Amino acid sequence: MDRPVWPTLLMLTESIKDMNRHLDMERYLKEVHLVKGGSDIEFDPDLNKKYSRRLQSVIDELMKNPDETNMEVVIKDEKNKIESELKGRKDSEKTKYLATLEVLLDLVEIGYNFRKNSNLYVVPPNSSEDPQAYKEKERRALQKERRVQFEDESIRKFIKEMESGSRSIDDKEISDLIADGENLYYDLKPKNSDRDEITSHLKQSVSPYIQVADDTRDEKTGFKLKDIWRYLRYTWLTPYNHVPGRSIKFLIRDGSRKNDPIMGIAALGSPIMNLAVRSDFIGWNIDSLRERLQRNKKELEYEEMLPKDERTEDRKKRTITKTKYLETEEEYEERKKKVCKRSRDAIETGYKRSLEDIRWEDFIEEYEDLTEESFLNPDERTFEILDEIYEEAQSKIEDPEYEDTNPEKLDDWAEKSETPLFRKKRAKTLRELLSSYEYVKNNEDKSDEEFIEDALESKDGRRAIKKGIKAQKKERVGANMMNIMVCGGIPPYNEILSGKLVAMALTGPKVIETYKNKYENQVSKIASSMKGEPKVKSNDLVFLDTTSLFKVGSAQYSRIRVPADNGEIEYQNIGKTKGMGSIQFGPDTRDRLSEVTEIEQGREKVRGRFGEGVGPRMRKIKNGLLNLGLSEELIRHESPRIVFGIELAKNAKDYLRGEEEEPDYYWDMSEDSDKKQKEIYEHWIERWLSKRVQKSEIMERVRDFEKEDFLLSQEIGFEQQQLSDFIVGE
């Protein structure tokens, strides 16, 4: 018997509906970036049953309506309820739940979403799908933290004093250092279109110079130079935080106008120790050494016609790849010998200097089994004792009952070296160096080529090379290179690319000379605490690095090339960061995560003391996440930054690897640095300013600039103004 047609049609209709629902859901998941190919991060905080249930209710509400604004409101409402219940009382479970909500809120604000099956996952935003939209989310996250600093009464007071003039001994106001837009417009506006005449006119109309922003008083306004810099730094998109280590701040000013208004500001600071793309660029790793040992060549690829009998309608040509060697076999062998010798010498020098710079005499006094010979030719007992010292120091550091002395409060270097922190660091470093150095000593009879090539083929040899390279790197990172922490133009000059001027000025001989003078004979705190006596590090600045603020390029640093006496200095794009950082976690979240660490470990594990290592903020966040039972993968912000490297010396890489002892600067450092620095400013006028002033829409923005709109009192009064108003492209 035939079946009725309508049930079959009904089944088919339902099947199609199911298929459409599936396709709609898949399309939705892609839109909210839930289909990410394995980048989802499990979110399972260590909460008790009560707060786990409350969290699940919040998540269900978020997934019901995944609109970003709605999600923020839901989380904030729950957070406010818990905070009102807490009311300053100590409650570990509520604190952990609050920390969880803070983390969630920060993640939602930069575009994270959720996926839930048997487990809950947070899903990072697809920053490459809409880079500009993601950039705006990052900007919001930065602005959120930036505004927090203005809640500090001391900062509000400082800003008011700078604007009222009470911090100036000459009764000047900070606005006196901001150029008038209309006057600048008429002074720079071209009279005709002749490029040479425009350039000549501009050299008479603008006169840049660089000035260290230190504790001295400004001759023009009576402000302390460092206060001028500080005020202007508060106008930046990123919050102003003090960074430990070496640091120099600069003002770039226009000497052709009344009060020498500020064109831009800059700051150099100690760079981070580990940055993979920078290590690749300089040659601070084994892969780079292997690459240098290869014969120089390039692959040539071209197309040629196929033989007639092999041609088809669809395929008439083929691609040919050929290798072209850029050096002869003899040249290659000679260069390889040189690379092996220089590398071996640098590795051995790194070991010897590092071992000389670590105090161990007090360990000999404490342990009968240790002698001077133990550190020249260590045995198993030496390593056992170093392990004991490390573990004892670590247990004291982690013991909440132990009154740990802050090394910064001690005056004597030997006493600093005896604190648990530095006993731990000394024991750990000695063990690593001594164990790896054994390979170097045991193979001292080999030729340079044999030593390097054999070492690269064995586990112990690679470890020995790696530690030797690291020893040179540690010596150079904190002394011969700096990070450009701040670099940018101040309105209205930013419209005419004063940001590029600032970046170019930082490559000049005046900056190199300033660094050399400031850090001549300066004792290094951490190195001296390791040695137990004063240690002075080098003061030759040969390399700068910096990163773009966002994933989406950097107009400010692109195409910057500075002609110098012995070549050209360039801002080189050397790669990207891994996209990990603390940008997504605001101050409230960091505070809550620190509280969680104290709850779980009995004390604040990361206290930001000198000698604890770089990145205390990052370590606090990672520790807090782990103590909350969350993945440290949450520090991945999915927005890798472009890294720029700037070689100030022709032999910067060789010098930083420890293969050469003296820098060969691009600038003739024997000549007058002010005169040479002026060449940079003139090049900026010729290369950039002369073109910029010919663009009417740019000059109109200069003319329309009102300095009152730039003052920070607008923000203190909660009339929010974003730095994006002042950031311009080319």
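Residues numbered from 1 in each chain as written. Predicted model: local features only at pLDDT ≥ 70, side-chain atom pairs only at ≥ 80, totals over all residues. Heavy atoms only, no water.

K.L.:
Is there a simple way to think about the overall build of the protein in this case?
P.N.:
Along the protein, the regular secondary structure elements total 29 helices and 14 strands. The long-range fraction of contacts in the protein, counting pairs at least 24 apart against all pairs at least 6 apart in sequence, stands at 76%. When the accessible area of the protein is evaluated, it comes to approximately 36,400 Å², of which 45% is carbon and sulfur surface. (Helix = DSSP H or I, 4+ residues; strand = E, 2+ residues; numbered from the N terminus. Contact = heavy atoms within 4.5 Å. Areas by Shrake-Rupley, 256 points an atom, 1.4 Å probe, with all protein chains shown as cover.)

K.L.:
Hey, could you run me through the pattern of salt bridges in this one?
P.N.:
Any two side chains of opposite charge can pair, so long as their charged atoms come close to each other. Applying the stated rule across the entire model yields 65 salt bridges. Here the residues in one salt-bridge network are Arg292, Arg342, Asp654, Arg657, Glu659 and Glu660, joined through shared partners. (Salt bridge = Lys/Arg side-chain N within 4 Å of Asp/Glu carboxyl O.)

K.L.:
What's the story with the pairing of strand S11 (residues 561-564) in this structure? I'm lost.
P.N.:
Here S11 shows a buried face lined by Val562 and Ala564 and an unburied face lined by Arg561 and Pro563. Bridge count for S11 against strand S12 (residues 567-570) is four bridges, and the pairing is antiparallel. Bridging from a neighbouring strand, proline 563 pairs with glutamate 568 of S12. Two successive antiparallel strands, S11 and S12, enclose a turn made up of two residues. (Buried < 20%, exposed > 50% of the residue type's maximum accessible area, 1.4 Å probe, protein only. Pairing = 2+ DSSP bridges.)

K.L.:
Any chance you could explain the nonpolar core here in plain terms?
P.N.:
The tendency in soluble globular proteins is for nonpolar side chains to be buried side by side. Among the nonpolar cores identified, the biggest contains 105 residues, and Phe250, Leu268, Ile484, Leu506, Leu544, Tyr571 and Trp684 are the most heavily contacted of them. Top contributing element to this core by residue count: helix H17 (residues 420-442), with nine residues. Apart from residues lying up to four places away in sequence, tryptophan 684 is in contact with Pro208, Met263, Ile496, Leu497, Ser498, Lys500, Leu501, Met504 and Leu689. Core analysis: the next-biggest nonpolar cluster, separate from the first, contains 36 residues, Leu98, Ala99, Val122 and Leu593 among them. (Core = buried A, V, L, I, M, F, W, Y, C linked by side-chain atoms within 4.5 Å.)

K.L.:
How should I be thinking about a negative patch on the surface in this particular structure?
P.N.:
A surface patch of like charges, here negative, comprises Asp180, Glu182, Glu706, Glu708 and Asp709. Along the polypeptide, glutamate 706 turns up in the loop between helix H27 (696-704) and helix H28 (707-710). The class for glutamate 706 is partly exposed, based on a relative accessible area of 45%. (Patch = residues over 30% accessible without salt bridge, like charges linked within 9 Å, V, L, I, M, F, W, Y side chains within 5 Å. Lys, Arg positive; Asp, Glu negative; His and termini not counted. Charge placed at Lys NZ, Arg CZ, Asp CG, Glu CD.)

K.L.:
Would you mind going over the packing of aromatic side chains with me for this structure?
P.N.:
What characterises a pair of aromatic rings is the spacing of the ring centres plus the angle enclosed by the ring planes. Applying the stated criterion across every chain yields a total of 14 aromatic pairs. Ring geometry for phenylalanine 150 and tyrosine 234: centres 6.1 Å apart, planes at 65°, overall edge-to-face. Of the two residues, phenylalanine 150 is situated in the loop between helix H5 (131-149) and helix H6 (153-164) and tyrosine 234 in the loop between helix H9 (225-233) and strand S5 (247-254); the sequence distance between them amounts to 84 residues. Judged on exposure class, the residue phenylalanine 150 and its partner tyrosine 234 are both buried. Judged by centre distance (5.6 Å) and plane angle (65°), the rings of tryptophan 229 and tyrosine 240 are edge-to-face. Of this pair, tryptophan 229 sits in helix H9 while tyrosine 240 is found in the loop between H9 and S5, placing the two residues 11 residues apart along the sequence. Of the residues examined, tyrosine 240 reaches a relative accessible area of 26% and is grouped as partly exposed. Put simply, the rings of Phe150, Phe158, Trp229, Tyr234 and Tyr240 touch in pairs and so form one group of aromatic residues. (Phe/Tyr/Trp six-rings, centres within 6.5 Å; stacked < 30°, edge-to-face > 60°.)

K.L.:
I tried to follow the sheet that holds strand S1 (residues 41-42) on my own but got confused; where do I start?
P.N.:
Whenever strands of a sheet pair, they do so through backbone hydrogen bonds, lying parallel or antiparallel. If you walk across this open sheet you meet the three strands as S1-S3-S2, and the pairing is antiparallel. Of all strands in the sheet, those with a lone pairing partner are S1 and strand S2 (113-116), marking the two edges. Both S1 and strand S3 (residues 120-123) contribute to a ladder of two bridges, which runs antiparallel. The residue of S3 that forms the bridge with glutamate 42 is tyrosine 121.

Remember, this is a structural readout, not a statement about activity or role.
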